Amino acid sequence: FYRYNLTTGVWTQLASPTYVTATGTSGIGAIDRNLYLSPDGTKLACVSDATNNYRGGKRVEIYTIATNAWAASSQIQNLNDSGGTPRASCVAGLAWADEDTIWCWASRDFDGAKNYVRCVKYTISTDIFTAGASLLNGTLTYASPTNAAINAAGTVVYGSVIGATAGEWYKYTIATDGYASGGTLTAGRAFGYASDRDKLWYFNTTTYQQGYIDTADDSKNDNQFAENPERTATYGAYFGVKDDLGIIIALAKSFSPWVMISYR
């Protein structure tokens, strides 16, 4: 785990999360370990303790910036539904509601035949996961959320890559414990691995320019930043966005050397 200073270009190694990404069979234990900033800007959250090929983890870890310390949650419980042979549940996208509450998307599959997700509330102070209703659908082809967001009122949680296509997203209304499809991305767009409290970010699959679904009105907002001249297709989906849209950090060419580019 590192901190990168945009002004000086200096990397500083910090304490690492408690649970590292698992290793083993190809596709098992992979985590897209996005960082989610708390509303007051003092903490980060990420998924941890990799479990299966749905690119999630059994735990949430909280990082306190001032003390350079991580605290891992307990493991999420198995969320049992009828049908098939259940695998362990895992959480993926996260969205902070307040400094003590994080909403997660939990997924699991049944022998590859029935995919489902649940929206789950994690309370940090009590270390308790509280699961919402199950979104169980035999035709739910995509149940592997890449990111989550929550609207300004704190009433609706959004999750990307849920539904019949990879470009579909779902909404969970907290008060009614109910789900509805939010829509589908325009052709030539795909959801990226980038976290933002009130937006679901995606990218143009040709130019790799970044856009977002706004939870304020469900609008699609294409091409928010210039095309990255240093990127390759392999790494175009990985980027980070400052909340006020003032800066974007994009992973560029490769892991060796590891290159980052910022736009202001």
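Each remark here, short or long, concerns the structure printed above.
Since the model is a prediction, treat every value here as computed from it, not as a measurement.

A.B. asks: Whenever I open this one, the pattern of salt bridges confuses me. Can you help?
C.D. replies: Two side chains carrying opposite charge are able to pair once their charged atoms lie near each other. For the structure on display, the rule yields four salt bridges. Here Asp-218 ties to Lys-171 by a salt bridge, and the two come within 2.8 Å at their closest N and O atoms. Taken together, the positions of Asp-218 in the loop between β19 (210-214) and β20 (219-221) and Lys-171 in strand β15 (residues 168-173) put the pair 47 residues apart, joining distant regions of the chain. The class for Asp-218 is partly exposed, based on a relative accessible area of 22%. A salt bridge links Asp-222 to Arg-189; the shortest N-O distance between them is 2.8 Å. On the criterion of sequence distance, the pair formed by Asp-222 in the loop between β20 and β21 (239-241) and Arg-189 in strand β17 (residues 189-191) is long-range, its members being 33 residues apart.

A.B. asks: In this structure, what is going on with the sheet that holds strand β13 (residues 156-160)? I would like to understand it.
C.D. replies: In a beta sheet, neighbouring strands pair by backbone hydrogen bonds and run either parallel or antiparallel. Strand order in the open sheet made by the four strands is β12-β13-β15-β16, with antiparallel pairing throughout. The open sheet is flanked by β12 (148-150) and β16 (178-184), the only strands paired with a single partner. When strand polarity is set aside, the average angle formed by the axes of neighbouring strands in this sheet is 25 degrees. Inspection of the sheet shows β13 paired to β15 by five bridges, in the antiparallel sense. Note that in β15 the partner of Gly-159 across the bridge is Tyr-170.

Parameters and conventions
- Residues numbered from 1 in each chain as written.
- Predicted model: local features only at pLDDT ≥ 70, side-chain atom pairs only at ≥ 80, totals over all residues.
- Heavy atoms only, no water.
- Salt bridge = Lys/Arg side-chain N within 4 Å of Asp/Glu carboxyl O.
- Helix = DSSP H or I, 4+ residues; strand = E, 2+ residues; numbered from the N terminus.
- Buried < 20%, exposed > 50% of the residue type's maximum accessible area, 1.4 Å probe, protein only.
- Pairing = 2+ DSSP bridges.
- Axes fitted to C-alpha atoms, helices over the stretch in contact; angles between N-to-C directions.

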